[in-house]
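Fold and contact review
Here's the letter readout for the chains.
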Amino acid sequence: KAGVTQTPRYLIKTRGQQVTLSCSPISGHRSVSWYQQTPGQGLQFLFEYFSETQRNKGNFPGRFSGRQFSNSRSEMNVSTLELGDSALYLCASSSGTSGSESYEQYFGPGTRLTVT
Amino acid sequence: DQQVKQNSPSLSVQEGRISILNCDYTNSMFDYFLWYKKYPAEGPTFLISISSIKDKNEDGRFTVFLNKSAKHLSLHIVPSQPGDSAVYFCAASATGGATNKLIFGTGTLLAVQP
């Protein structure tokens, strides 16, 4: 099975711009979660999508949004970029159904976003 | 409020010896725990997990122990190999809410010396 893929891998944007990141989960997985990793805050949960619906949201401002398509692919969008948004953005997929294995999340390689 | 804590930022071990990485949590609602290994500029790689109904889970060289009363878990790697050198994160989830939100610790950098 192919793993989780994320595009693009690297991105440089300027303050005030917006950005869209893409994630394709493992085939058959219906849950996609997004995380932000920064040196100061570590790995923090942004939101989770399951069957095209946002199932949970972390403590991030409304500038961070996402969506999920019928094929389970997901995008996240950050509007009005700030310098502090520079981070590694990670996408993780899981089956999303009940049972122990469903809680195991598999991560993509991440998108490194630099805001200048 | 750091709900998942890894109090040792780094650990150095000789090749062939045991590596023990520790993790503490504060939220009693957490009922599923996972360990991930991460290299710089890559996504975390899932290693092993444990449900709160168990106190031990083993997979090859990796064993995770859970002490619910102490709200403590540990990852044992035996024998340690140089390729195990990476940052290790523990993560916790409260699965009862039908969500896959993971709360991560701050990580422990493991260095295995040849």
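Reading the values: rules and limits
Residues numbered from 1 in each chain as written. Chains lettered and ligands numbered in written order. Predicted model: local features only at pLDDT ≥ 70, side-chain atom pairs only at ≥ 80, totals over all residues. Heavy atoms only, no water. Disulfide = S-S within 2.5 Å. Helix = DSSP H or I, 4+ residues; strand = E, 2+ residues; numbered from the N terminus. Buried < 20%, exposed > 50% of the residue type's maximum accessible area, 1.4 Å probe, protein only. 1 Å grid on protein atoms, 1.4 Å probe; cavity = no way out; pocket = protein on both sides within 12 Å on 5 of 7 lines; lining within 4 Å. Points joined across faces, edges and corners; volume = space filled by probe spheres on them. Nonpolar A, V, L, I, M, F, W, Y, C, P; charged D, E, K, R; others polar. Salt bridge = Lys/Arg side-chain N within 4 Å of Asp/Glu carboxyl O. Pairing = 2+ DSSP bridges. Axes fitted to C-alpha atoms, helices over the stretch in contact; angles between N-to-C directions.

A short note on the state of the cysteines
- Tallying each qualifying case throughout the model produces two disulfides over all chains.
- Here A:C23 pairs with A:C91 through a disulfide, and the sulfurs are 1.7 Å apart. Measuring handedness by torsion sign, the sulfur bridge of A:C23 and A:C91 sits at about -50 degrees and is left-handed. In this pair, A:C23 is assigned in strand β3 (residues 19–24) and A:C91 in strand β9 (residues 87–94), connecting sequence segments 68 residues apart. Both residues of the pair, A:C23 and A:C91, belong to the buried class.
- The disulfide bridge from B:C23 ends at B:C90, spanning 1.9 Å between sulfur atoms. What sets the handedness of the B:C23 and B:C90 disulfide is the S-S torsion sign, and at about 60 degrees it is right-handed. Separated by 67 residues along the polypeptide, B:C23 in strand β3 (residues 19–25) and B:C90 in strand β9 (residues 86–93) bring together distant segments of the chain.

Here's the deal with the layout of surface pockets
- By volume, the second largest pocket amounts to about 170 Å³.
- Together, A:Q37, A:T38, A:P39, A:G40, A:Q41, A:G42, A:R112, B:F89 and B:T106 line the second largest pocket.
- When the residues that make up the lining of the second largest pocket are grouped by side-chain class, the tally is two nonpolar, six polar and one charged.

Some words on the pattern of salt bridges
- Scanning the entire structure with this criterion turns up six salt bridges over all chains.
- A:E82 is the partner of A:R63 in a salt bridge, and the nearest nitrogen-oxygen pair spans 3.6 Å. Of the two residues, A:R63 is situated in the loop between β6 (53–57) and β7 (64–68) and A:E82 in the loop between β8 (74–78) and β9; the sequence distance between them amounts to 19 residues.
- With a relative accessible area of 16%, A:R63 lands in the buried category.
- Taking relative accessible area as the criterion, A:E82 reaches 41% and is therefore assigned partly exposed.
- Among the ionic pairs, B:D84 bridges to B:R61, the shortest N-O distance being 2.8 Å. Placement of the pair is B:D84 in the loop between β8 (72–77) and β9 and B:R61 in the loop between β6 (56–59) and β7 (62–67), with a sequence separation of 23 residues.
- With a relative accessible area of 21%, B:R61 lands in the partly exposed category.
- The network of salt bridges with shared partners includes A:R63, A:E82 and A:D85.

Quick word on the sheet that holds strand β1 (residues 5–7) of chain A
All names here are of chain A.
- Spatial strand order, β1-β3-β8-β7: four strands in an open sheet with antiparallel pairing. Edge positions in the sheet fall to β1 and β7, since each has one partner strand and no second. With strand direction ignored, the average angle separating the axes of adjacent strands in the sheet is 20 degrees.
- As defined by bridge partners, β1 adjoins β3 across three bridges and the pair is classed as antiparallel.

Considering the pairing of β9(A)
Residues and elements named next belong to chain A.
- With eight of eight residues buried, β9 is to be regarded as a mostly interior element.
- The alternating pattern of β9 places A87, Y89, C91 and S93 and L88, L90, A92 and S94 on opposite faces, both of which are buried.
- Summarising the sheet, strand β4 (residues 31–38) and β9 pair through seven bridges and their orientation is antiparallel. When the sheet's bridge partners are listed, W34 is paired in β9 with C91.
- As paired elements, β9 and strand β11 (residues 111–115) share three bridges and run antiparallel to each other. From the neighbouring strand, A87 faces β11, where its bridge partner is L113.
- When β9 meets strand β10 (residues 106–107), the two strands line up antiparallel, connected through two bridges. From the neighbouring strand, S93 faces β10, where its bridge partner is Y106.

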